[in-house]
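Secondary and tertiary structure notes
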Amino acid sequence: MPNHLKRVLVFSGDDASPEAVLPSLEILKALKLPIEFVEPELDEKLLLAGKVPPLLKNQIDGADAVLFGAASRKALPILLYLRWGLKNYANLRPVRHIPGAQSPLKNPERIDYVMVRENLEGLYPGREGNLAELVEMLPNVQDATGQRVGDLSTHGKFALRVITEEGTRRIAEFGVEIAKKRKEQGYSGKVSCFTKLNMLKESDGLFQAIVQEVVLKAGLPYDHFIVDDAARRLVQSPEQFDVIVTPNLYGDVLSDVGAATIGGLGLAPSGCYGGSVPYFEPVHGTAPDLAGKNVINPTATLLSSGLMLEYLGFGKEAQRLEAAIYKTYHEGKVLPLDQGGRAKTTEFCQEIRKIL
Ligand code: IPM
Ligand code: MN
């Protein structure tokens, strides 16, 4: 095998997700690039029991990139491996208006920023337990009012939220790299940090302080917003943002808000980097209500594929793919249902292929 041949593992995901991934994959194959696309055989029983077989892990480890659908059941343990197993800590979610798409905002052409979501820490992956045990372990931890954990009712659950220096520094540095690239392309290169440090002084305070330090050291503009205020700004004045760096759960929630402002989850791509093998997936979930109908909007998957092509060194083809998507929206003749059109998923993909 020539060593320039890239290997991409494809996981089509659960529910309606394969209906977006498989026709997108046909488009990618039709580009005739030196990429080998492999759809691994899945041991559904093992996966449903939450286990990723070692052989599958090896396959993933040996790939150049992973194209991932959306996960709810059998694909979920694979997603967990892609994130925490491979340590893909940086979740890049571009939010950009596509002319012709059905944004609910006035003047949507002002929406063009990227969300850099910390992908491993915070409240993920959910270190939870019984409050009684926490009280036993940490009776003297106090909240802002001076109330000790030991004073709490012991009937209930807790969730730990972890912000590490190392984890924050690396996401801040990733954000800065993105901002520098954007600056070269004529954007402001400003980094905005979103936290809730008015309530979470220690953990979000640390996150904010490190992001600020890293950004200012790089000589880039910086600002910070409390996350609820930031949510409003994403809707009311999205033009003020260029690069956003934020902890995990805020990024999860706000990337859906961002997607809504450009016309919905059908349009929002993401790429997850930092580990040995990056993975690329739409921001949306598995859309069980759409399963079997051939109507899911594959744009998010196609744009994610574009991010993947760029990562693999096929920047020109990534641009061609993006241009074909933009052309289709601009013309407005063949659009998916969620964008006010009548095209089935496969018809939309057919149109993209025609343009390419
Ligand atoms: C996302 C999804 C995931 C997340 C789920 C499927 C675990 O909502 O990628 O945004 O919360 O990170
Ligand atoms: Mn999400």
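A short tour of the structure in this document, coming up. Source: prediction; values computed, not measured. All residue numbers here refer to positions counted from 1 along the written sequence of the relevant chain. As they are written, the chains are lettered A onward and the ligands numbered 1 onward, keeping that order. Totals for whole chains, interfaces and linings use every residue, but because this is a predicted model, local features are given only for residues with pLDDT of at least 70 and side-chain atom pairs only at 80 or more, for both listing and counting. Heavy atoms throughout the structure, all of them, feed into the side-chain values; hydrogens and water do not.

1. Quick word on the nonpolar core
- Counting 75 residues, the largest nonpolar core has V8, F194, V211, M308 and L309 as its most contacted members.
- Contacts are assigned to residue pairs with any non-hydrogen atoms lying within 4.5 Å of each other. The contacts of V211, once residues within four sequence positions are left out, are T168, A172, V191, C193, Y222 and V245.
- Listed in part, the 19 residues of the second largest apolar core include L47, V52, V66 and L86. Side-chain atoms within 4.5 Å are what join buried Ala, Val, Leu, Ile, Met, Phe, Trp, Tyr and Cys residues into a set we call a nonpolar core. Three labels apply to residues, based on accessible area from a 1.4 Å probe with only protein chains included: buried if under 20% of the type maximum, exposed if over 50%, partly exposed otherwise in between.

2. Section: the sheet that holds strand β3 (residues 65–70)
- Each pair of strands is called paired provided DSSP finds at least two bridges between the two strands. Helix and strand assignments follow DSSP, with helices taken as H or I runs no shorter than four residues and strands as E runs no shorter than two, numbered in order from the N terminus. Across the sheet, 10 strands lie side by side as β2-β1-β3-β12-β11-β4-β5-β10-β8-β9; this open sheet has mixed pairing. Whereas interior strands pair on both sides, the edge strands pair on one side only; in this sheet they are β2 (35–38) and β9 (222–226). Across the sheet, the axes of successive neighbouring strands diverge by a mean angle of 25 degrees, strand direction being ignored.
- For strand β8 (residues 191–195) and β9, the ladder comprises 5 bridges, and the chain directions are parallel. Counterpart to C193 in the pairing with β9 is H224. To define axes, lines are fitted to C-alpha atoms, for helices over the stretch in contact only, and angles between the resulting N-to-C directions are given on a 0 to 180 degree scale.

3. With respect to the packing of helix α6 (residues 165–184) against helix α7 (residues 203–217)
- For the pair α6 and α7, interaxial distance at closest approach is 9 Å and the crossing angle is 40 degrees. When the interaxial angle is binned, α6 and α7 end up oblique. Of the two elements, α6 crosses α7, and the hand of that crossing is right-handed. Along its contact with α6, which presents E165, T168, R169, I171, A172, E173 and V176, the element α7 presents L206, F207, I210, V211, E213, V214 and V215.
- Here the contact of α6 with α7 is composed, by residue class, of 9 nonpolar, 1 polar and 4 charged. Roughly parallel here means an angle under 35 degrees, roughly antiparallel means over 145, roughly perpendicular means 65 to 115, and every remaining angle is called oblique. In this scheme the handedness of a crossing depends on how the near helix is turned from the far one: anticlockwise by less than a right angle means left-handed, clockwise means right-handed. Residues are grouped as follows: Ala, Val, Leu, Ile, Met, Phe, Trp, Tyr, Cys and Pro are nonpolar; Asp, Glu, Lys and Arg are charged; every other residue, Gly included, is polar.

4. Examining helix α11 (residues 315–331)
- Expected helix span is taken as 1.5 Å per residue step, with the number of steps being one fewer than the number of residues. In a regular helix each residue adds 1.5 Å, so 17 residues correspond to 24 Å; α11 covers 24 Å between its end C-alpha atoms and thus fits that length.
- With its phi angle positive at about 75 degrees, G332 sits one or two positions after the end of α11.

5. Focus on the side chain of S305
- The residue S305 is located in helix α10 (residues 299–311) in this model.
- The class for S305 is buried, based on a relative accessible area of 0%.
- Beyond its immediate chain neighbours, meaning those up to four positions away, S305 contacts L28, L67 and L321.

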